[in-house]
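A structural walkthrough
Single-letter residue listing:
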Amino acid sequence: MASELTINISIDVLAPEELNERERKAMQLAQQAASDAYAPYSNFLVGAALVLEDGTMFKGSNQENAAYPSGLCAERTALFAFSAHHPNEQIEMLAVTARRRNDTNFLAAMPCGACRQVMAEYEHKQGKAIPVLLQGPDGNFYRFKSVADLLPFQFNRENL
Ligand SMILES: [Zn+2]
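Please read all numbers here as calculations on a predicted model, not as lab measurements. (Residues numbered from 1 in each chain as written. Predicted model: local features only at pLDDT ≥ 70, side-chain atom pairs only at ≥ 80, totals over all residues.)

An order of β1-β6-β5-β4-β2-β3 is seen for the six strands of this open sheet, with the pairing classed as mixed. This sheet does not close on itself; its edge strands, each paired only once, are β1 (11-14) and β3 (57-61). Taken pair by pair, the neighbouring strands of this sheet meet at an average axis angle of 20 degrees, ignoring direction. Two elements, β1 and strand β6 (residues 141-144), share four bridges in a ladder whose sense is antiparallel. Considered in β6, the bridge of I11 is made with F144. Its contacts with the sheet place helix α1 (residues 21-35) against β2 (44-52), β3, β4 (91-100) and β5 (132-135), and it is angled at close to 145 degrees to β2. (Pairing = 2+ DSSP bridges. Helix = DSSP H or I, 4+ residues; strand = E, 2+ residues; numbered from the N terminus. Axes fitted to C-alpha atoms, helices over the stretch in contact; angles between N-to-C directions. Contact = placed C-beta atoms within 7 Å.)

Okay, structure coming up:
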């Protein structure tokens, strides 16, 4: 008889005033990054910010292209820029938010599968969880304790 496997994922749901100082700054930088997005086709502006151990922050925004598949999401823009500039440092946390061009309200923007895979690569590389703070759909923020919670059964170097 087949057995069943249940996965439980616990997410912290935080009201804006419950963010700590680092989370607040990271989310502010993600909001700034979103406003800098190059998104002339979708007008959906996404911003990502990551915080390093020493407090250095990196931002990324979605970069679209007339040849659509050539564009890149905000999360991967930030992560690749980070890794290119700080190949030996660790990521303490990652924040992501989004808004539509003509709307000042920030929206939930759940990372796409490809971005989750890239986040997982860096989490695996550094051997330490990367908490991910996302703008939630209800005005709250959703804090995932690790990328593994966003991408169970991930493919990584141990599969090679
Ligand atoms: Zn993505």
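The structure having been displayed, the exposition proceeds.
We note that N43 has phi near 55 degrees; this positive angle belongs to a residue other than glycine. Mapped onto the fold, N43 is located in the loop between α1 and β2. Phi at F153 takes a positive value of approximately 55 degrees, unusual for a residue other than glycine. Among the structural elements, F153 can be located in the segment after α4 (147-150). Exposure remark for F153: the 7 C-beta atoms within 10 Å place this residue in the exposed category. (Buried ≥ 20, exposed ≤ 12 C-beta atoms within 10 Å, placed from the backbone.)

The terminal C-alpha atoms of helix α3 (residues 113-126) lie 20 Å apart, and with 14 residues this matches the ideal 20 Å at 1.5 Å per residue to within 8%. Residues C115, V118, M119 and E123 constitute the buried set of α3. End-on view of α3: buried residues confined to an arc of 140 degrees, all on one side of the axis. α3 presents G113 and A114 as exposed residues on the side facing more than 90 degrees away from its buried surface. Residues of α3 that are buried in the fold lie against α2 (74-85), β4 and α4. Of the residues one or two after α3, G127 is the one with positive phi, at around 65 degrees. (Expected span 1.5 Å × (residues − 1). Arc of directions from axis to C-beta.)

Relative to the 16 Å expected for twelve residues at 1.5 Å per residue, α2 spans 17 Å between its end C-alpha atoms, a close match to the ideal helical length. By the burial criterion, the buried members of α2 are A74, E75, R76, T77, A78, L79 and F82. Looking at the buried side of α2, the elements it contacts are α1, β2, β3, β4 and α3.

Below, the discussion takes up the pairing of β3. Taking burial as the measure, the five residues of β3 include five buried ones, the bulk of the element. Of the two faces of β3, both are covered, the one formed by M57, K59 and S61 as well as the one formed by F58 and G60. Of the pairings in the sheet, the one linking β2 to β3 comprises five bridges and is antiparallel in character. For A48, the partnering residue across the bridge sits in β3 and is G60.

What follows is about the pairing of β6. As paired strands, β5 and β6 are joined by four bridges and run antiparallel to one another. Residue pairing for β6: V132 is matched across the bridge by F144.

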